[in-house]
Structure formats: C-alpha cells, structure tokens
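# Overview (structure and organization)
Residues per chain, in single letters:
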There are 2 protein chains.
Amino acid sequence: MKSACAQQVQSLSSGKELLPEPCAACAARVLSVCDAIDDCDLDRLAAITSVQDIARHQIFVTEGDPADHLFNVTDGTVKVYKLLPDGRQQITGFLFAGDFLGLSFLERYGCSAEAVTRVRCCRFPRKQFAAMLTDFPGIERRLLGIASNELAAAQDHMVLLGRKTARERVSTFLLMLSRRAARSGGTADPVILPMTRTDIADYLGLTVETVSRTFTQLKKDGFIELREAGVVHLSNLPALEDLNEGF
Amino acid sequence: MKSACAQQVQSLSSGKELLPEPCAACAARVLSVCDAIDDCDLDRLAAITSVQDIARHQIFVTEGDPADHLFNVTDGTVKVYKLLPDGRQQITGFLFAGDFLGLSFLERYGCSAEAVTRVRCCRFPRKQFAAMLTDFPGIERRLLGIASNELAAAQDHMVLLGRKTARERVSTFLLMLSRRAARSGGTADPVILPMTRTDIADYLGLTVETVSRTFTQLKKDGFIELREAGVVHLSNLPALEDLNEGF
DNA sequence: CGCACACTTGAGTAATGTCAAAGAGTGTGG
DNA sequence: CCACACTCTTTGACATTACTCAAGTGTGCG
C-alpha cells in the first residue's frame, strides 16, 4: 500500500509538473489538518479545495449562517469573534497560517470571522470534506487533536478573562504571540501585532484606552519598547515571563 | 452483522441476567459517548469501565497530572477549574449527568476537577479507551461532536467573562442551568444550585460578594425568589430572558 | 449546643470604563 | 509631492462598576 502510494505520487508529479498541486506545495500544510493525508491522496483534497484571497476587513464567516465551508488559513491574520446584540464584541481567537476554522460540526457557524490583514486560505465545502473523513480516518484523529488544543486555549483564555488584571492580560497576550511566532518558524523577540489596539482590547476583555495605557505602562517599566507601529520589542523577556509566572 | 449482533446481546443477557451490565443499564448513556457503541459491543466498554463513587469536595483530577483516565459523569455535579499560582481560581465549567471529562487527548490534564456534590461516574483507562477508537469509529465521531459543543460553550463563556455585566452574568448563569435541567429531563423552573456562591463567582469571574448582591438585586426586582437554600425560583422567566436578549 | 461554613450586607477603595480631545500615522486624490 | 481625510493611538479628567475588608446572620453537622 505504501509503495503503491509512492508510485502514484511519482506518476502524478511527472504528469502535472507544470501545474503544481496547491496542497503538495503548501507551506502551511505541515501545520494543519492537511498533513493527515498522505502525499498520494492529496489530489483528492486538492479537488475539493478552492484557494481564496480575502481582503483586509472583509467578513467572510458570519455567526449564525449555515456552516457550508471549512477554512484553512495559509497566510495572514484572522480574528474570530462573537457579538452581543448591542454591539459589544468578544474576540475568541486570532488565527494565523496553519490554523483551521470551522471546526464545529454544527449546522451553523458559532462565530464570525474577519480578515485582519490580507488573508490567503483554502476553503473546503463542508459536505465534501465530511465525506473524506470516512476514507481518511487520520483526518478525524487530527481534527480531534486540533479540537483538544483549541479547547485548552479556550480554557486558558477563560482564566485570563475571568481572573487576570489588565497588566497580566496584556503581557500574557504578548508572550502568547511571541511563542506562537517562534513555534511557526518566526522570530520570538520583536513581536508583530497585525491587529489594532481595539482588536486587542476586544480579545482581552478590556477597552482600547486601558490597553493603550497598559502598553505605555509596560514601556515605562522597561518591559517593552514601542519603536515602529505594529511591532513590540520585548526588552526584558524574563521579567515579562515573571509577570505571568508559569504561563 | 446487525443480526449477529442482536444474537450476541440475547445470549449475553440471558447468561448474565443477575449481574446487569453497568453500561446497558446506565441512565446517562443516551446523553453521552457510550451511546455511540451498539448494545452488542457494550460489554467491551463495560470491561474497561470502573464505576466510581466520589465524595463531596474530593479532587479527583489534578491539572498537570498524567491524563491516565477519562470520565463520564452519571450522577452529581463536578466543577472543572484552573488555578493561578497565587490561588485565583477560574471554573471553566460544571459537569452534570451525561457529561464527559478528559476530552483533551494531551498527555496531561489541562484542568482540575472536584466533586461539588457526591458524584458517581464511569472511569476508563485512557489507553484502553483509545484502543477502542479504532474498532468503533462512531466513538471518534461522537467525541468530535462533544468537542464541538464544548468549544461552543467555551466561546459563549468567553463572551460572558469578557463583555457582560455582573447582572447579565448571573442571569445568563441561571438560564443556562434552567435550560440544561430541562434538556436532561429535569425541571426548568425551580433551578437547583448544587454549588456554593463562591463557586458561582469563580465560574462567572466575579467575587462572592458581587454574586450575592446581584442575587438580592434580582430578587428585589422581581426576577427570582430565594426560598430554600440552593433553589432559585424564576418568577418572571420572560423578563429574565430579556436581560439576556438572544441567549 | 457549639463550631464551621456559607451567605448577606455595609462602607470605602481601586481598577477599569467613559467621554473628550489631541497627536501620530496612513492612504488618496489633486 | 503635498494636502486632506481618515483611522488609529495616546493621554487626560472623571464616573462607575466591581473588589476589598469587615461584620453580622443564618444553617447544617458533629
């Protein structure tokens, strides 16, 4: 089976060399669900995939709409959020390259999603994706793993929202971004913030003003430096980690 | 295959009539993972199950410990929580009959769990449970569904913790318990609160005092009545629902 | 009966939110 | 290339919600 698979790959790549499979060439693949599919079966995945380019500020998933598609972010930053009827917003998470969106297998989307930067992603029709699950149980296993991680992240975030001070929230946020960037091959120290202060506030359960004040306070206390816009230098990372003792 | 299965059940039940299978007789089964296993295969599940009786206040899962077991609550109330190093506590959820604990397939428990009342549950060794997943793909599908629901609940709770007022948090909490009770065959109106005010506070991201004050305020405003301890009468349910417009 | 423990209530405080305005940065069109 | 308009960010003054500390009142259990 494995060798037959290898053969198939060979013939496939020699036949379609000039039209590279989007999935086989995808840099984000190792980070995401698609890694659960062997090279030889990637064409089946590619067949139901449509690559999407999403402009900044575009809302491409709306809470309550029928959950027709699943997404896999391959580039850019997405904010996932819920709204209260009066407009109060809570961002439940930010997605980066490799992150999966639409995990819930409910009928309708539970959250909205908006492109914070220009975003590139792969879109799968939910029905066809679900059909693949029966043929590739590895995907299901992988989805369960992703769900586990998301759940763990959600729990951490509940602690932040329910019990941490503004200062702790902001420093936790910075460390999270730093670690996340390092994990996916980026740089840990100058942390890039693609989102606005308002987005950060809506993620941390604060107001813009409080977030801004906390940044300046952290700067004054020598934890961070704010040189260019959208970039935070962690001048004293160990001290910053102490603020978050154990997270 | 189906008919062979039915036979097996028959011979099994006739042979062991005096020792009822814990799983086949389980009232909570329809609510939980175990429902994904056909009657005929329940003996395999029963073989790895040990029924546990847990005393009030006993901590039976500790954050960071190796995740050796999974649990299925069949009776009582469990609080699932995380601690900050200085003792601040955030309860991430309450579990009732039919709820599953230990969903995360990470190496270690992400949260601690404590029995709020006397609790009865089924315990499965994680390794043996994982082995069953390959034979019964239905369980995996079911777990994914459970994970989806938990994730949706976690997202709702993030909105509560990040953006709602004390009054909204408490009324959301009461409605949640009411609906939950109704869904699992209980009574919707007099809501039973098995947990202390402190637990409610730790769940809602408030202090005991604020929770208590909010209860008296809701009472004074005619939304609820507090007659016996641990029981809340929802005197004006529609108005209470208005407080939570759309949740 | 008495001791915990849980709950309520009060008074004062601190942290964060609100409202307002000014400064900085960014992009667009003239 | 500059000027204008826009948004984002920062800062200040003030308001308010929820927290802290403290005391008092049940309530259940040994």
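Now for a description of the structure that goes with this document. (Residues numbered from 1 in each chain as written. Chains lettered and ligands numbered in written order. Predicted model: local features only at pLDDT ≥ 70, side-chain atom pairs only at ≥ 80, totals over all residues. Heavy atoms only, no water.)

## Comments concerning the sheet that holds strand β7 (residues 112-115) of chain A
All names here are of chain A. The antiparallel open sheet is built from 4 strands, whose spatial order is β2-β7-β4-β5. Both edges of this open sheet fall to β2 (59-61) and β5 (89-95), since each of them pairs with a single strand only. Each adjacent strand pair in this sheet contributes to an overall mean axis angle of 35 degrees, direction not counted. Across 2 bridges, β2 lies against β7 in antiparallel orientation. (Pairing = 2+ DSSP bridges. Helix = DSSP H or I, 4+ residues; strand = E, 2+ residues; numbered from the N terminus. Axes fitted to C-alpha atoms, helices over the stretch in contact; angles between N-to-C directions.)

## Things to note about the packing of helix α4 (residues 137-163) of chain A against helix α4 (residues 137-163) of chain B
In contact at an axis separation of 9 Å, α4 of chain A and α4 of chain B are set at 20 degrees when each is read in the N-to-C sense. By the angle between their directions, the pair α4 of chain A and α4 of chain B is classed as roughly parallel. Classified by chirality, the crossing of α4 of chain B by α4 of chain A is left-handed. Contact residues: Glu140, Arg141, Leu143, Leu144, Ala147, Glu150, Leu151, Ala154, His157, Met158, Leu161 and Gly162 of chain A in α4 of chain A; Glu140, Arg141, Leu143, Leu144, Ala147, Glu150, Leu151, Ala154, His157, Met158, Leu161 and Gly162 of chain B in α4 of chain B. (Parallel < 35°, antiparallel > 145°, perpendicular 65-115°, else oblique. Left-handed = near helix turned anticlockwise from the far one by under 90°. Contact = heavy atoms within 4.5 Å.)

## Some thoughts on the interface of chain A and chain B
On the chain B side, the residues contacting the 42 residues of chain A number 42 residues. A per-residue breakdown of the area chain A buries against chain B is headed by Leu144, Met158 and Arg163 of chain A, which together make up 21% of the total. Of the charged contacts in the structure, one is a salt bridge between Glu168 of chain B and Arg88 of chain A, with a shortest N-O distance of 2.7 Å. Taken together, chain A and chain B are joined by 16 residue pairs in polar contact (both at pLDDT 80 or more). Counting only elements with at least two residues in the side of chain A that touches chain B, the list comes to β5, α3 (126-135), α4 and α6 (197-204) of chain A. Here the side of chain A that touches chain B gets 19 residues from one element, more than from any other, and that element is α4 of chain A. For the side of chain A that touches chain B, the residue count by class is 19 nonpolar, 12 polar and 11 charged. (Buried area = accessible area lost by both parts, 1.4 Å probe. Salt bridge = Lys/Arg side-chain N within 4 Å of Asp/Glu carboxyl O. Polar contact = N/O pair within 3.5 Å; in protein donor to acceptor, adjacent residues only side chain to side chain. Nonpolar A, V, L, I, M, F, W, Y, C, P; charged D, E, K, R; others polar.)

## Comments concerning the pattern of salt bridges
All names here are of chain A. What the rule picks out here adds up to 32 salt bridges over all chains. Across the pair Arg88 and Asp86 runs a salt bridge whose closest N-O atoms are separated by 3.0 Å. Among the charged side chains, a salt-bridge network with shared partners connects Asp53, Arg118 and Arg120.

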